[in-house]
Amino acid sequence: MNSLRILVVEETPATLQVIERTLAEANAKYEVCRDTEDAWRCFQANTDVRCVLVRMKSRSIDGRLLSQRIRGVTTAESLPILMIITEDQLGLADSAIDSGATDIMVDPFEPRELRMRTSIRPNPRNFRIDDPHQFAVAEEPSVAVKKPAVEAINYQGSVRPLQSHASVVSPKFDPQSQRFTYDASASQLARWSEDPAVTKIVLDKILVCPCCEGVPTFRPGCGCCGSAMTEPEVLIHHYACAHIAAESQFRQGSDLVCPKCRQTNLVASSDFETVQGSLVCADCGAQSTQAELIGHCLCCQHRFPAAEAATMVLTAFHVHRVQEISDRESGMKPSSLRSARESAAT
């Protein structure tokens, strides 16, 4: 839906800024008009308008008039009209619908409400892009990411020609080892780490296995054994004697009997209510008030509390000059972050 063209009819600066920023972040195509007549001419000249976002009433805009004109040539099913009103205009909302608007939105509004009402979604490439990330190598050539030329290293002792004397070596996820690796040897990475001529670019911080630095998955579970099989215990509150205990303590065959006052044939809602108790682990039987976040390493299968996870800093190396690879290193396989760190320490 991001390719749809939206006709925006608005002149309030603050609201227009929210609209334009939200649509631009979603890569949605749109046209802005600031008065009724200009909007009508723009609508007639563009056959690809798929949604109209219009102010109901302002100094230069009469949204109800524009809606009536549009409904003279289109139906609500083929072209939705979203009308913006202020809170003190809520009494006129019915007239907005009568004029042909399909929905109303009260100003001020948040970007997420605008995205929901116009059926657009934010561009995922707009998330978490800070200054260091702009050097990351983009997979899609259509995405405009600032990056220097990439030096392609093979393992027969040669380096393919560069377009410039600079390259970025970034960590990549290896699905076989379930770790982040580099297309460079551990000793090469160690030298880059110590070389002041090589720029170190911090890309991200992630949680990894404390044993092998493999990538883990996480789930809520038991803090004692790490099992994900935890369920809340069902408790019974007996009204007559105020006794509260697990349902299993009340159960006698097919009957419910209070273990305190011995009343039998208890009826739900009339004699007791059920409440949720503590979490019980189906594997080890441990009880807890809340689940703990448990990690499971995809590499070594180790399970551990998330609080014990190691923090790994993903770093890219911006190499400003061509560096030859020695024959000794040419036969080495791509190194993991862990081996690179161990090599640097020695």
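Structure: see above.
Keep in mind the model is a prediction, meaning the values are calculated, not measured. (Residues numbered from 1 in each chain as written. Predicted model: local features only at pLDDT ≥ 70, side-chain atom pairs only at ≥ 80, totals over all residues. Heavy atoms only, no water.)

1. Re the nonpolar core
Buried together is how nonpolar side chains tend to be arranged in soluble globular proteins.
And step 1. Counting 22 residues, the largest nonpolar core has Leu-7, Val-9, Phe-43, Val-52, Val-54, Leu-66 and Ile-70 as its most contacted members.
And step 2. Within the residue set of this core, elements represented by two or more residues are strand E1 (5-9), helix H2 (36-45), strand E3 (49-55), helix H3 (63-71), strand E4 (81-86) and helix H4 (93-98).
And step 3. Tallying contributions element by element places H2 first for this core, with four residues.
And step 4. Beyond its immediate stretch of four places on either side in the chain, Val-52 contacts Leu-7, Ile-70, Leu-79, Pro-80, Ile-81 and Leu-82.
And step 5. Within the second largest apolar cluster, 16 residues are counted, among which are Leu-16, Ile-19, Leu-53 and Phe-109. (Core = buried A, V, L, I, M, F, W, Y, C linked by side-chain atoms within 4.5 Å. Buried < 20%, exposed > 50% of the residue type's maximum accessible area, 1.4 Å probe, protein only. Helix = DSSP H or I, 4+ residues; strand = E, 2+ residues; numbered from the N terminus. Contact = heavy atoms within 4.5 Å.)

2. So, the pattern of salt bridges
And step 1. Counted under the stated rule, the structure contains eight salt bridges.
And step 2. Put simply, Glu-37 and Arg-69 hold a salt bridge, and the shortest N to O gap is 3.2 Å. Of this pair, Glu-37 sits in helix H2 while Arg-69 sits in helix H3, and the two are 32 residues apart along the sequence.
And step 3. Judged by relative accessible area, which is 37%, Glu-37 ranks as partly exposed.
And step 4. Classification of Arg-69 by relative accessible area gives partly exposed; the value is 26%.
And step 5. Residue Arg-55 is joined to Asp-107 by a salt bridge in which the shortest nitrogen-to-oxygen separation is 2.8 Å. Note that Arg-55 is positioned in strand E3 and Asp-107 in strand E5 (residues 103-107), a separation of 52 residues in sequence.
And step 6. Judged by its relative accessible area of 4%, Arg-55 falls in the buried class.
And step 7. For Asp-107, a relative accessible area of 15% puts it in the buried group.
And step 8. Each of Arg-5, Glu-31 and Asp-48 takes part in salt bridges that share partners, so that together they form one network. (Salt bridge = Lys/Arg side-chain N within 4 Å of Asp/Glu carboxyl O.)

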